[in-house]
Amino acid sequence: MAKAPRIALYVQHLLGIGHLRRAAALARAFGDAGAEVLVLSGGIPVADIDFGTAHILQLPPCLAADAAFSNLLDDAGRVIDSEWKDRRRDALLKATAAFKPDALLIEMYPFGRRQFRFELLPLLYWAQNAKILIASSVRDILVDKGRDDRVMEAADLVRRYFDLVLVHGDARLVPFERTFPRATSIADRLHYTGYVVEKPKVAPVADRTNGEVLVSAGGGAVGGPLFAVALAARRLSSLKERRWRFVAGRNLPEADFALLTQAAAIDPGIVVDRFRPDFTDLLASCHVSLSQGGYNTVMELLALQTPAVIVPFAEGQESEQGLRAQLLAERDALDVLDFDNLDPALLAATLTRRAQTGALPIDLNLDGARQSARILLDALAAKNHD
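About the thresholds
Residues numbered from 1 in each chain as written. Predicted model: local features only at pLDDT ≥ 70, side-chain atom pairs only at ≥ 80, totals over all residues. Heavy atoms only, no water. Core = buried A, V, L, I, M, F, W, Y, C linked by side-chain atoms within 4.5 Å. Buried < 20%, exposed > 50% of the residue type's maximum accessible area, 1.4 Å probe, protein only. Helix = DSSP H or I, 4+ residues; strand = E, 2+ residues; numbered from the N terminus. Pairing = 2+ DSSP bridges. Contact = heavy atoms within 4.5 Å. Axes fitted to C-alpha atoms, helices over the stretch in contact; angles between N-to-C directions. Salt bridge = Lys/Arg side-chain N within 4 Å of Asp/Glu carboxyl O. Expected span 1.5 Å × (residues − 1). Phe/Tyr/Trp six-rings, centres within 6.5 Å; stacked < 30°, edge-to-face > 60°.

Q: With reference to specific residues and values, describe the nonpolar core.
A: Most often, soluble globular proteins keep nonpolar side chains buried together rather than apart. Counting residues in hydrophobic clusters, the biggest one holds 60 residues, and the most contacted among them are Leu9, Phe30, Phe51, Leu105, Tyr195, Leu328 and Leu376. Per element, the largest residue contribution to this core is eight residues, and it comes from helix 1 (residues 18–32). If you look at the next biggest cluster of nonpolar residues, it comprises 43 residues, including Ala64, Leu120, Ile134 and Tyr161.

Structure (structure tokens):
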């Protein structure tokens with residue numbers, strides 16, 4: 001009986017939980033394809049994330065100090081230091097070597113997560129010496145930080161260490177070179193997988209007439225301002241007789257969560273959940289969705305053909321959510337509003353219009369998890385055959 005391929009998957013989430021959820025979907029797909037998976041997770045632990053049959057190694061966790069990623073903090077809120085980095089690097093290398101992977105998949109690096117070079121460069125050096133397959137897992141759109149030197153550095157690292165770059169997108173919507181100008185220099189490594197989408201447990205509801213207005217902001221860390229405008233929009237909206245459900249997210253600051261619960265105490269038409277494990281099912285049946293433009297939520301909206309209004313997170317240099325939402329809005333798959341110019345009346349009118357219009361189906365590859373597994377395992381089989 002052939003030995004199951006072993007895949008080590010490194011993921012580091014810092015602000016929201018989107019990176020972790022996408023990694024979990026990949027881990028499940030690799031497991032379904034017959035691989036044994038070890039997830040090397042460096043963020044704050046999150047309950048109710050389904051990794052399938054994968055083994056989970058929780059590294060000493062850290063998170064971003066703020067939306068500008070100004071500092072990295074440990075789980076006690078202290079700025080991480082060189083001693084902390086040494087401990088974590090050693091734990092990562094020891095666990096990976098003990099697992100004896102046939103392939104190493106690193107989420108985002110070298111296109112992001114540059115703060116973690118202290119452990120990722122030694123990990124890549126070890127993997128290269130071990131002669132295992134090395135792959136990068138990256139979303140469709142990168143944040144434009146205006147640094148040509150960083151782009152060149154990333155391309156050089158790909159050519160030095162990586163066999164594959166799995167781009168979780170569809171070039172028909174946005175080619176990778178749109179936000180990574182040196183894509184042609186690594187074209188022989190690039191593989192578009194399609195978008196990674198959570199598979200809903202229920203079918204989309206054909207008649208959403210009696211559905212609720214669903215308001216969410218991913219993990220919630222930066223969702224407070226959107227929730228505040230949504231509460232004001234409800235009072236002006238033609239949809240105010242419906243139930244409005246706010247899914248706050250585990251990371252919504254307590255002060256912002258208190259504002260939501262106070263509103264719910266006054267208005268019986270408002271329901272507040274901190275977290276819903278069946279969130280995808282809620283998207284499948286709601287009348288209209290209001291959310292930020294995180295990769296996972298947007299792809300689920302498309303897969304479920306849910307009428308949606310997106311207000312992308314765009315603080316600091318964050319450009320990824322806005323670009324993706326704008327490209328989809330140009331195809332009338334959803335509506336997008338700029339938070340800086342957002343007022344409650346505009347939001348209320350846009351929600352009503354999108355609910356009436358519905359969601360226009362869009363032809364995109366949404367089978368990214370399964371296809372990622374196929375591409376990586378095929379490459380591994382070819383490497384072993386050579």
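Q: Please provide a residue-by-residue account of the sheet that holds strand 11 (residues 244–247), values included.
A: Reading across the sheet, the six strands line up as 12-11-10-13-14-15 and stay open at both edges, with parallel pairing between neighbours. Edge positions in the open sheet fall to strand 12 (270–273) and strand 15 (335–336), since each of these has one partner strand only. In terms of strand pairing, strand 10 (residues 213–216) meets strand 13 (residues 288–291) through three bridges, oriented parallel. By the bridge assignment for strand 13, Val215 is matched with Leu290. In the packing of helix 5 (residues 224–236) onto the sheet, the strands contacted are strand 10, strand 11, strand 12 and strand 13, and the crossing angle to strand 11 comes to about 175 degrees.

Q: I'd love a proper account of the side chain of His13, names of residues and values included.
A: Within the fold, His13 resides in the loop between strand 1 (6–11) and helix 1. A relative accessible area of 5% places His13 in the buried class. Other than its neighbours up to four places away in sequence, His13 contacts His19, Leu20, Ser41, Gly43, Ile44, Val46, Cys62 and Arg113.

Q: Please provide a residue-by-residue account of the pattern of salt bridges, values included.
A: Applying the stated criterion across every chain, the model contains 30 salt bridges. The partner of Glu153 in a salt bridge is Arg114, with the nearest N and O atoms 3.0 Å apart. Taken together, the residues span a long stretch of sequence, with Glu153 in helix 4 (residues 148–161) and Arg114 in the loop between strand 6 (103–107) and helix 3 (117–129) at a distance of 39 residues. A relative accessible area of 25% means that Arg114 is categorised as partly exposed.

Q: Just give me the short version of the environment of Leu73, but keep the residues and values in it.
A: The residue Leu73 is located in strand 5 (residues 72–74) in this model. Each C-alpha atom of the pair Leu73 and Leu14 lies 9.5 Å from the other, and the pair is 59 residues apart in sequence. Among all residues touching Leu73, those that are not within four sequence positions of it are Pro61, Cys62, Leu63, Ala65, Arg78, Val79 and Ile80.

Q: Provide a residue-level description of the environment of Arg331, including the pertinent values.
A: With respect to the helices and strands, Arg331 occurs in the loop between helix 9 (320–330) and strand 15. Look at Arg331 and you get partly exposed, because its relative accessible area is 34%. Arg331 sits 41 residues away from Leu290 along the chain, and the two C-alpha atoms are 18 Å apart. Setting aside chain neighbours within four positions, we find Arg331 in contact with Arg172, Leu173, Leu360, Ile362 and Leu364.

Q: Can you tell me about unusual backbone geometry, naming the residues and giving the values?
A: Residue Pro110 is bonded to the preceding Tyr109 through a cis peptide linkage, with omega at 10 degrees. Looking at where Pro110 falls in the secondary structure, it is placed in the loop between strand 6 and helix 3. Unusually for a residue other than glycine, Met108 sits at a positive phi of about 80 degrees. Checked against the element boundaries, Met108 lands in the loop between strand 6 and helix 3.

Q: Help me get a handle on helix 3, residues and values and all.
A: Here helix 3 contains 13 residues, and its C-alpha end-to-end distance of 18 Å stays within 8% of the 18 Å for a straight helix at 1.5 Å per residue. Among all positions in helix 3, only Phe118, Glu119, Leu120, Leu123, Leu124 and Ala127 are buried. Where helix 3 ends, the next residue or the one after it, Lys131, has phi of about 60 degrees, a positive value.

Q: Report on the sheet that holds strand 2 (residues 36–41), specifying residues and quantitative values.
A: Pairing within the open sheet is parallel, and its seven strands lie in the order 3-2-1-6-7-8-9. Strands at the two margins of the open sheet, each flanked by one partner only, are strand 3 (55–58) and strand 9 (190–192). Each neighbouring strand pair of the sheet contributes to a mean axis angle of 20 degrees, computed without reference to strand direction. Alignment of strand 1 against strand 2, held across six bridges, turns out to be parallel. Considered in strand 2, the bridge of Leu9 is made with Val39.

Q: How would you explain the packing of aromatic side chains if you had to name every residue and give the values?
A: Aromatic ring pairs are described here by two measures, namely the spacing of the ring centres and the angle between the planes. The full count for this structure, using the stated rule, is seven aromatic pairs. A centroid spacing of 5.7 Å and a plane angle of 45 degrees characterise the contact between Tyr195 and Tyr295, whose relative ring orientation is tilted. With a gap of 100 residues between them, Tyr195 in the loop between strand 9 and strand 10 and Tyr295 in helix 8 (residues 295–304) connect regions that are remote in the sequence. Judged by its relative accessible area of 4%, Tyr295 falls in the buried class. An aromatic cluster of at least three residues, connected via ring pairs, comprises Trp84, Phe116 and Phe118.

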